[in-house]
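Residue-level structure breakdown
Residue strings, one per chain:
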Amino acid sequence: MEVSIAHSAKLLNEANNIVLTAHIHPDGDALGSLLALNAYLSAKGKQVRMLLDDEIPRTFKFLSDWEKIEKPDSSESEADLLVVLDSSDLERIGKVRNAVKAPVLNLDHHISNLKFADFWYVDSQAAATGEIIFKLLKEVDANITASMATALFTAIATDCGFFRFANTSTETLKYASELVSLGAKPHIISEHLDTKPLAVIEILPKVLETLEIVDCGQGGQIAALTLRQEILANLREDTEGFINYPRNIEGVEIAIMFKEADNGIRVSLRSKTVDVSKIALAFGGGGHARAAGCTVTEPLNRAKRLIIEASKKQLAKGSKIE
Ligand code: AMP
Ligand code: MN
Ligand code: MN
């Protein structure tokens with residue numbers, strides 16, 4: 001059933017043994033939301049566990065308590081509530097899905113959300129799940145510490161490209177201002193997020209060599225980057241900003257990044273005015289109108305052909321995001 005923020009707060013209040021989780025390939029929003037909610041519930045004396053079926057990217061290891069996030073094991077445990085953050089479908093939480101037996105509360109902001117949970121609060125106008133968590137914490141008059149404010153600022157800022165993307169609303173900026181008052185330091189946070197190992201900068205020429213431009217006439221251009229395993233070697237986690245190169249090229253309407261992973265080809269889609277969440281959904285993924293993703297379990301070249309064809313079709317339709 002659909003619930004309000006107040007109802008979500010009540011569910012959290014009534015539960016004692018709570019498991020929190022977020023999506024695999026965690027980003028700033030997934031981790032910031034998870035850590036802020038964990039800090040609040042732990043301070044209330046709840047028995048809380050954070051489970052995430054993936055590694056924590058190096059970039060986010062400046063957030064307090066990241067090392068308390070556990071990977072699910074094969075045993076099944078019971079809880080009063082499983083809170084699923086920043087995830088539009090259950091597959092996104094990987095093995096946590098089968099590791100915890102509990103009613104599910106889903107707090108999310110993806111337009112592609114499949115409303116899979118027992119209780120769901122989905123606000124696709126929110127720039128980040130971090131906005132929803134901040135609202136919830138304000139609703140219950142939580143004591144928001146500087147490290148919680150840092151986690152929430154990171155969540156919000158990363159999902160709206162540091163207040164540059166179309167999802168940046170007056171609320172987003174208001175929340176950011178409040179979080180800075182509570183102790184978040186934007187320059188320190190962005191320094192952590194922007195700092196990369198030298199090796200990441202060194203592979204850039206090889207990455208840019210893979211750039212392909214497909215001209216779709218009136219519709220604009222599609223620009224794609226391809227990250228092969230051999231280029232990435234041990235840098236597979238550090239590809240976050242690469243999509244911005246094709247995205248920022250003049251005349252490009254849809255930017256795509258194909259990345260070889262163990263379970264198939266991970267596809268990232270970005271657009272200016274075309275709804276790319278529809279393309280991602282058609283391949284079993286999801287996301288937002290202007291930023292979406294999916295994993296295609298096909299050989300690289302076929303995966304590329306399928307996604308580029310689907311993108312061309314979406315461009316040819318000419319329907320713009322309102
Ligand atoms: P990314 O390209 O990985 O940065 O993802 C862009 C957006 O699409 C994020 O909001 C993701 O949560 C969403 N997304 C990426 N991959 C998937 C997937 N396999 N299923 C559902 N949503 C996804
Ligand atoms: Mn996310
Ligand atoms: Mn998000």
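A separate point is the domain arrangement of the protein chain. Along its sequence, the protein chain is organised into domain 1 (5–194) and domain 2 (198–316). Between the C-alpha centres of domain 1 and domain 2 there is a distance of 26 Å. Across the boundary between the two partners, domain 1 contributes 11 residues, which contact 11 residues of domain 2. Of the roughly 1000 Å² buried between domain 1 and domain 2, counting both surfaces, carbon and sulfur atoms make up 51%. With its nearest N and O atoms 2.3 Å apart, the salt bridge here joins Arg 58 to Asp 238. Linking domain 1 with domain 2 are four residue pairs in polar contact (both at pLDDT 80 or more). Classifying every residue of the side of domain 1 that touches domain 2 by side-chain character gives five nonpolar, four polar and two charged.

The next thing to look at is the sheet that holds strand β13 (residues 291–296). Taken in spatial order, the six strands make up an open sheet running β8-β9-β10-β11-β13-β12, and their pairing is mixed. Where the open sheet ends on each side, the last strands, each with one partner, are β8 (212–215) and β12 (286–287). Relative to strand β10 (residues 252–261), strand β9 (residues 221–227) runs parallel, the two being bridged by seven bridges. Bridge pairing in β10 places Leu 225 opposite Met 257. Contacting β8, β9, β10, β11 (264–271) and β13, helix α13 (residues 300–317) runs over the sheet at an angle of about 160° to β10.

This part is about the environment of Arg 270. Structurally, Arg 270 is set in strand β11. Since its relative accessible area comes to 22%, Arg 270 is described here as partly exposed. Expressed as a C-alpha distance, the spacing of Arg 270 and Ile 243, which sit 27 residues apart in the sequence, is 7.9 Å. Not counting residues up to four positions away in its chain, the partners in contact with Arg 270 are Ile 243, Arg 247, Glu 253, Ile 254, Ala 255, Val 276, Arg 290, Ala 291 and Ala 292.

On to the coordination of the manganese ion (ligand 3), then. On the protein side, the manganese ion (ligand 3) has Asp 29 (OD), Asp 86 (OD), His 109 (NE2) and Asp 159 (OD) as donor atoms, found 2.1 to 2.3 Å from it. In primary-sequence terms, the residues that donate to the manganese ion (ligand 3) follow D-x56-D-x22-H-x49-D. Between the manganese ion (ligand 3) and the manganese ion (ligand 2) the interatomic distance amounts to 3.5 Å, and Asp 86 serves as a bridging ligand to the pair. Of the two residues, Asp 29 is situated in helix α2 (residues 28–43) and Asp 159 in helix α5 (residues 146–159); the sequence distance between them amounts to 130 residues. Considered together, Asp 29 and Asp 159 belong to a single accessibility category, that of buried residues.

What follows is about the site of ligand 1. Among the 14 residues in the neighbourhood of ligand 1, the closest are listed as His 110, Arg 266, Ser 268, Arg 270 and Gly 286. Here a nitrogen atom of ligand 1 and a backbone polar atom of Gly 286 are 3.3 Å apart. Measuring from an oxygen atom of ligand 1, one finds a side-chain N or O atom of His 288 at 3.1 Å. Taken by itself ligand 1 offers 480 Å² of open surface, and the protein chains cover 87% of this. Of all the secondary structure elements, the ones that give two or more residues to the shell around ligand 1 are β11, β12 and β13. Top element by residues in the shell around ligand 1 is β13. It accounts for four residues. Its residues assigned to classes, the shell around ligand 1 shows three nonpolar, eight polar and three charged. The two domains that each donate at least three residues to the shell around ligand 1 are domain 1 (5–194) and domain 2 (198–316).

This part is about α5. Taking 1.5 Å of rise per residue, the 14 residues of α5 would be expected to cover 20 Å, and the 20 Å separating its terminal C-alpha atoms lies within 8% of that figure. Most of α5 is tucked away, with 11 of its 14 residues classed as buried. Turning to α5, its buried residues number three or more, namely Met 148, Ala 149, Thr 150, Ala 151, Leu 152, Phe 153, Thr 154, Ala 155, Ile 156, Ala 157 and Asp 159. In the core, the buried residues of α5 are packed alongside α2, α4 (129–139), α6 (170–181) and α7 (186–194). Count one or two residues on from α5 and you reach Gly 161, which has phi positive near 55°.

Here we come to the coordination of the manganese ion (ligand 2). Ideal values for angles at a metal depend on the geometry: 109.5 degrees with four tetrahedral donors, 90 or 180 degrees with six octahedral donors. Taken together, the protein ligands of the manganese ion (ligand 2) are His 23 (NE2), Asp 27 (OD), Asp 27 (OD) and Asp 86 (OD), with distances of 2.1 to 2.7 Å. Coordination of the manganese ion (ligand 2) draws on donor residues from a single chain, spaced H-x3-D-x58-D in sequence.

The rules behind each value
- Residues numbered from 1 in each chain as written.
- Chains lettered and ligands numbered in written order.
- Predicted model: local features only at pLDDT ≥ 70, side-chain atom pairs only at ≥ 80, totals over all residues.
- Heavy atoms only, no water.
- Domains from an automatic or database assignment.
- Contact = heavy atoms within 4.5 Å.
- Buried area = accessible area lost by both parts, 1.4 Å probe.
- Salt bridge = Lys/Arg side-chain N within 4 Å of Asp/Glu carboxyl O.
- Polar contact = N/O pair within 3.5 Å; in protein donor to acceptor, adjacent residues only side chain to side chain.
- Nonpolar A, V, L, I, M, F, W, Y, C, P; charged D, E, K, R; others polar.
- Pairing = 2+ DSSP bridges.
- Helix = DSSP H or I, 4+ residues; strand = E, 2+ residues; numbered from the N terminus.
- Axes fitted to C-alpha atoms, helices over the stretch in contact; angles between N-to-C directions.
- Buried < 20%, exposed > 50% of the residue type's maximum accessible area, 1.4 Å probe, protein only.
- Donors = N, O, S within 2.8 Å, 3.2 Å for Na, K, Ca; no water.
- Near = heavy atom within 4 Å.
- Areas by Shrake-Rupley, 256 points an atom, 1.4 Å probe, with all protein chains shown as cover.
- Expected span 1.5 Å × (residues − 1).

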